[in-house]
Amino acid sequence: MYGSFAQENSCIKSTEGTDFWFGFMESRHYQEDHYLEVTVTARETTTFQITYGRDEIPINGNYQVQANSSMQVEIPWDKLEVIGSENTENKGIHLTSEKPVNVYALNWSLNSADVAAIYPVPSLGKEYFAMCYYPSIDLSDPEEGNGRNSEFLVVAAFDSTAVNITPSKVTDQLKPRDSTFSVILNKGEVYQLQSENEAGTSQSGQGDLTGSYIEADKPVAFYSGSLSTQVPSGKCCWEHLYEQIPPVHSWGLEYYAVPLKSREQDRYRILAAQNNTTVQISGRSPFTLNRGEFEEAVFFNSDPPKRILADKPVLVAQYSQSRDVDSTFTGGYGDPFMIILSPVNQSLKKANFVAYNSPDLEFEDFVYEGIKNYFVNILTPTNQTENIRVNNQSVQNEFREFPKGNYSYAQIEISNGSHQIESTGGEDGFLAYVYGFGGIESYGYSAGSNLNLTLDIGESPWFESDTIMLCYGETRTLDAGPWFDSYTWNTGETTQKISISEAGKYSVRTTTTEGCVLEDSVMVLVNRPVTIDLGEDDTGCQPYSIELEGTESFERYIWQNESGDTLSTSQKIMANETGEYQVTVFDEFNCPGYDTMQLVVFPVPEVEFSGPELVCGEKSARLTVSLTGTQDSIWKIENNFNWNAVNSSLVFPKTTRTSAVVEVSEWGEYEIYYRLQTIDGCEKTDTFEMSFYPRTTTDFDFITEAREGCQPFYAEVVATPQNSELNYFWITDAEPYPAGNQNQFIYDEPGQYDVGLIAQSAETGCADTLIKTNWITVHVKPKAAFEVDYPVALTENARISFTNLSENADYFSWNFGDGAGSDQLNPVHTYSAPGEYNSQLIAETQFGCTDTAAQKITILQSPNQFPNAFRPNSPIEENRTFMPLKTGVDETRFHLKIYNRWGELVFETNSPDNPWKGEKQNGQSVPAGNYVWIANYFDIQGIEHQKKGQVLLIR
């Protein structure tokens, strides 16, 4: 069909070849030092060429790689990295070689790199599903930040290739999810699709293109992953995910999850290509996936490694998680990458690969740490471990067996550079995965596997051989896959799929036009019927419940109601509502059994009594019953109620279904019984206790020392008499009422107040109440306040005016603090000497309520003496400068000038805090002698002054 497909064995589809078409998805190319690189390894020395696009434009001519070695070629990212979504671009890269080689592609940015193993054209397919991850948007820079789109890339190897694309999420250009559209690509053209992402939303699974379906009429190369994301979301840091995805025809049924060395845990995804795919992970319950669905799981590396089995082909991806997931375990090394695992039937015998180096880089504000640790994981049958060689050295002692299956694994630390793995004996080979961890960087890829055409018509995960267990009555489809041209079943059918429902051996022979011939067979067993018995249908009166049990012999349980809503997945369930209860049980082969039971729970109304529990001084009372929770028709029937009492001293002169009059002939305690029957024959009963006693006969009162006062007023009120027969409760604004023989009442506001007391019999509980109206009178308290015109004054103007600002006062008493006083409303007082005086005002009402206000008044000595000499270099600090005025001066209105004997101005200042130091304004010292000063200023009371004098400057 296609000449480049010619191989010695057309069923074998290796990752080694001579003709490769591939491409690079968009990564963080906006970061410094970003680059793309291709590595070529070869078992024999050979030449190779790299071109790109429809016109096969060469990249630097011919290259040569030595045997068992490798060669790196940098690819110009600005020309060939695919940018954006849903555009056809001429960026396909074509590598051809004289002899078979392996090709690996590296997309590197600072703290973000991944490597993909590149498949040769004969190993490409026509049907793919994308494996990606949830986008994690960096909200600080959503357009060019750390986190960006989920994405995939299609590369055409042949002209006029029709590609049908069904994205699982809305695309960047807003193509709807689950819609199918087509593009036509020629050789060398590529088509990249990215998801739509809305920064700042928390929509689950936003933009994760995993499960997107791609189908072409000619073989294409397919890549998927993420521009940059966190694994899992919310854990730092971000990394580019980039893998070539195997075609569906190379998927398998049996996988082994080898832990990544130096990690605490790994994350896995399992993706199904067909509906009703049953998957069994060792140590876990089986689950079912439909076409395009995936299951995500975390395996802790301290647990036994897992075996993954499926009854239909699946794709398995292993993710290294973000640095912060287990940073304490790893020392902060590593970040996400994605490796597509290979099924065990795709092993190979020999592989050459490269452990990529990433150097340390120094930047202005940080040091970038490159890859520090390099590892390779190897999987092989346990009986082949002695045949495995790494760089021609036996590694048999490195292997450990899986708990399930016949396979062993090794986690080997290696150095950077070229390496070889070979299986030197036996028919079985190995699978290998290389990976590395650095600062906030990592990469991983498949170092060795095949992509052979596979024929596996199925097996159940519960068997070690090609065996299928059919459930009783089940019809199943055996599917040989669409990638063959002829099919011959031992049933005589010649179709891709056949339906089976009976036990027996089924086999098929398939061929392709290229000469690939494959055969497979499977033994089909039919399980016994799975039975479950929930018992007979049941009825009961509310509240009623029964325990329904699924017995312990089953693996899973699903309880549902008649609407199909899941009620529980446990073995047992409590049924307490009317309805149909359905259980589906699954045995060890995941075969279902069913049973149903009907439960009718008849409604019963709720009964609530209303009436007095204690009746004092009366021998009759009325009780009512409230019936709720059901329709009235349930209980509104004739002669369906009864009122009763055991004690014959209580009678019911009048009763209805919802009320009764109760009369007693003797004081005491009684129990009243009520019974109601519903239309369904259900009975509802209830009991009500009542007590009938005489009222309290003892006289009581309360007293206090003072019933009148000023706010706030405190009244200590005492009850009389005080004996054990009575319990007292004081009536207040808040309940419960305080109890006791006395109580303190606090009245914050003026007015007249009632006082109340309840006296209760300690024996019967009957009580009486005494309330005295307007018993407490509270007078308003005045508010004393005043102000003065000069809180600070000088002795030459010490006449102070006092302004009364008091409220609610009738009388006033002033104390000026110097022995003088006044009873005037707004007095004026003159202080005769400097000092500090505590003035006070007492305001009083006609009822004797008082309040006090006080204010300090300061009288300063008016300046009348001034310094007449100073010496700048005096040992006494206060003698080194000259300032005639300080006390009582308004510092904002002050001006001092200094003149020499010739009338020349030598110094001036506007602040008393800036004294003269014996210098001119420019800082030059003036000679010793007499100087004249003039000070113009306002004092603190606003009075203007001018003072003059002479001062002697001494040197």
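Since the model is a prediction, treat every value here as computed from it, not as a measurement.

Looking only at helices and strands, one finds two helices and 74 strands in the protein. What you see for the protein is a C-alpha radius of gyration of 50 Å, clearly larger than the 30 Å of a compact globule of 955 residues, by over 25%. Counting only residues that meet the buried cut, the protein has 50% of its 955 residues in that class. Once local pairs closer than 6 in sequence are excluded, the contacts in the protein between residues at least 24 apart make up 67%. Mean positive and mean negative side-chain charge positions of the protein (63 and 132 charges, respectively) differ by 7 Å.

Close approach of charged atoms allows side chains of opposite charge to pair. Summed over all chains, the structure comprises 18 salt bridges. Here K772 and D701 are joined by a salt bridge, their closest N and O atoms 2.7 Å apart. One end of the pair, K772, is in strand β61 (residues 767-779); the other, D701, is in strand β55 (residues 701-704), with 71 residues separating them in the sequence. Here the salt bridges share partners, and the residues they tie into one network are D208, R267, R269 and E296.

Mapped onto this numbering, the UniProt entry annotates "domain: PKD" (unreviewed entry) at residues 812-859. Its end C-alpha atoms 24 Å apart, residues 812-859 is made of 0% helix and 60% strand.

Glancing now at the state of the cysteines. Applying the stated criterion across every chain, the model contains four disulfides. Disulfide pairing places C541 opposite C682 at an S-S distance of 1.9 Å. The S-S bond linking C541 to C682 shows a torsion near -80°; that makes this disulfide left-handed. Within this pair, whereas C541 is found in strand β40 (residues 538-541), its partner C682 is found in the loop between β53 (668-677) and β54 (683-693), the two being separated by 141 residues in sequence. Residue classification places C541 among the partly exposed residues on the basis of a relative accessible area of 32%. The exposure class assigned to C682 is buried, which follows from its relative accessible area of 0%.

Turning our attention to the sheet that holds β40. Consider a sheet: its strands pair through backbone hydrogen bonds, and that pairing is either parallel or antiparallel. With respect to topology, five strands assemble into an open sheet ordered β40-β46-β45-β42-β43, the strand pairing being mixed. Every other strand in the sheet has two partners, leaving β40 and β43 (566-568) as the edge strands with one partner each. On average, each strand axis in the sheet is tilted by 30° relative to the strand beside it, whichever way the strands run. Here five bridges tie strand β42 (residues 556-560) to strand β45 (residues 579-586), and the two strands are oriented antiparallel to one another. Residue pairing in the sheet places I558 in a bridge with T584 of β45.

The next point concerns unusual backbone geometry. Of note, the amide linkage connecting Q542 to P543 takes the cis form, showing an omega dihedral of -5°. Cis geometry is found at the peptide bond from Q711 to P712, where omega equals -10°. Tracing the backbone through its elements, the reader meets P712 in the loop between β56 (708-710) and β57 (713-720). Despite not being glycine, S160 has its phi angle at roughly 55°, a positive value. Structurally, S160 can be placed in the loop between β10 (150-156) and β11 (161-166).

Moving on to the packing of aromatic side chains. In this structure the tally under the stated criterion is 48 aromatic pairs. Measuring from ring centre to ring centre gives 4.5 Å for Y747 and Y753, while their planes differ by 35°; the resulting arrangement is tilted. A network of ring pairs unites the aromatic residues F866, F870, F882, F907, W916, Y931 and W933 as a single cluster. Above the face of the F586 ring, R556 is positioned so that its terminal group lies 4.0 Å from the ring centre. Over the aromatic face of F702 sits the side chain of K772, whose NZ or CZ is 4.3 Å from the ring centroid.

Read across the open sheet, the five strands follow the order β63-β69-β68-β65-β66; overall the sheet is mixed. Single-partner strands in this sheet number two, and they are β63 (792-794) and β66 (821-822).

All right, on to the environment of Y737 then. You can see Y737 is positioned in the loop between β58 (726-731) and β59 (742-747). The class for Y737 is partly exposed, based on a relative accessible area of 27%. Taking the C-alpha atoms as reference points, Y737 and D78, 659 residues apart in sequence, are found 85 Å from one another. Setting aside anything within four residues of it in sequence, one finds Y737 in contact with F729, W730, I731, T732 and I758.

Time to look at the nonpolar core. The biggest cluster of nonpolar side chains holds 103 residues, and the ones touching the most others in it are I75 and L95. Beyond its immediate stretch of four places on either side in the chain, L95 contacts T18, D19, F20, F22, V38, V40, F48, Q49, I50, V101 and V103. By size, the runner-up hydrophobic cluster in this structure holds 32 residues, among which are A355, V395, A410 and F430.

All right, on to a negative patch on the surface then. Taken together, the side chains of E613, E669, E671 and E689 define an acidic patch exposed on the protein surface. Relative to the elements of secondary structure, E613 occurs in the loop between β47 (606-610) and β48 (614-616). Accessibility expressed as a relative area gives 56% for E613, which makes it exposed.

Detailed reading of the predicted model is not advised wherever pLDDT is low. Here the protein averages 89 in pLDDT, while 94% of its residues score no lower than 70. This stretch, residues 1-8, has a pLDDT under 50; its non-local contacts, to residues over four places away or in other chains, come to 17 contacts. Low pLDDT, under 50, characterises residues 360-367; the predicted model gives this stretch 16 contacts beyond four residues in sequence or across chains.

With that settled, the discussion passes to the pairing of β47. With burial as the criterion, only one face of β47 is covered, namely that bearing V607 and F609; the residues E606, E608 and S610 on the opposite face remain uncovered. Of the pairings in the sheet, the one linking β47 to strand β49 (residues 620-628) comprises five bridges and is antiparallel in character. Across the sheet, E606 pairs through a bridge with T628, a residue of β49.

Two faces belong to every sheet, and in a regular strand the side chains alternate between them. As defined by bridge partners, strand β71 (residues 889-899) adjoins strand β73 (residues 929-939) across seven bridges and the pair is classed as antiparallel. Looking across to β73, one finds that L896 is bridged to A935. In the sheet, β73 pairs with strand β74 (residues 944-953) via 10 bridges, with the strands oriented antiparallel. Bridge pairing in β74 places W933 opposite G949. Count of turn residues in the β73/β74 antiparallel hairpin: four residues, of which G942 carries a positive phi of about 85°.

Examined against the element boundaries, E215 turns out to sit in strand β14 (residues 213-229). Spatially, the C-alpha atoms of E215 and F129 are 8.9 Å apart, while their sequence positions differ by 86 residues. The residues touching E215, leaving out its near neighbours within four places in the chain, are K126, A162, V163 and N164.

Attention shifts here to the side chain of S27. By the secondary structure assignment, S27 is in the loop between β1 (17-22) and β2 (35-42). Residue classification places S27 among the buried residues on the basis of a relative accessible area of 0%. Apart from residues lying up to four places away in sequence, S27 is in contact with H34, E81, N107, S109, S112, L227 and H240.

We now examine the environment of S626. Along the chain, S626 falls in strand β49. Taking C-alpha positions, S626 is 66 Å from L253, a pair spaced 373 residues apart along the chain. Setting aside chain neighbours within four positions, we find S626 in contact with E606, V607 and E608.

Basis of the calculations
- Counting of residues starts from 1 at the beginning of each chain's written sequence and follows it residue by residue.
- With the structure being a predicted model, the display of local features is reserved for residues of pLDDT at least 70 and the display and counting of side-chain atom pairs for 80 or more, all residues being used for whole-chain, interface and lining totals.
- Excluded from the side-chain calculation are hydrogens and water; included are all heavy atoms of the structure.
- Every helix listed is a DSSP run of H or I at least four residues long, and every strand listed is a run of E at least two residues long, numbered separately from the N terminus.
- For this measure, only C-alpha atoms enter the radius of gyration; the expected value for a globule follows 2.2 Å times N^0.38, where N is the number of residues.
- Working definition: with a 1.4 Å probe on protein chains only, accessible area under 20% of the residue-type maximum means buried, over 50% means exposed, and in between means partly exposed.
- Contact criterion: two residues are considered in contact whenever any of their non-hydrogen atoms come within 4.5 Å of each other.
- Under the convention used here, Asp and Glu are negative, Lys and Arg are positive, and both His and the chain ends fall outside the count.
- A charge is said to be at NZ when it belongs to Lys, at CZ for Arg, at CG for Asp and at CD for Glu.
- For salt bridges, the criterion is a side-chain nitrogen of Lys or Arg within 4 Å of an Asp or Glu carboxyl oxygen.
- UniProt positions are given in the numbering used here, feature names are shortened, and annotations may be inferred rather than shown by experiment.
- By convention in this document, the label disulfide applies to cysteine sulfur atom pairs within 2.5 Å.
- A pair of strands is considered paired only if DSSP assigns at least 2 bridges between the two.
- Helix axes are fitted only over the stretch in contact, all axes being lines through C-alpha atoms; the angle between N-to-C directions runs from 0 to 180 degrees.
- A pair of Phe, Tyr and Trp rings is counted when the ring centres sit within 6.5 Å of each other, with Trp represented by its six-membered ring. The angle between the planes then sorts it: under 30 degrees is stacked, over 60 is edge-to-face, the rest tilted.
- We count a charge as sitting over a ring when the NZ of a lysine or the CZ of an arginine lies within 6 Å of the ring centre and within 35 degrees of the ring normal.
- Nonpolar core, defined: a set of buried Ala, Val, Leu, Ile, Met, Phe, Trp, Tyr and Cys residues in which side-chain atoms within 4.5 Å join the residues together.
- The patches described consist of residues with a relative accessible area above 30% and no salt bridge, like charges being joined within 9 Å and nonpolar side chains (Val, Leu, Ile, Met, Phe, Trp, Tyr) within 5 Å.
- All accessible-area figures derive from a Shrake-Rupley calculation using a 1.4 Å probe, and residue coverage is judged against the displayed protein chains alone.
- Note: pLDDT gives the predictor's confidence per residue, expressed from 0 to 100.

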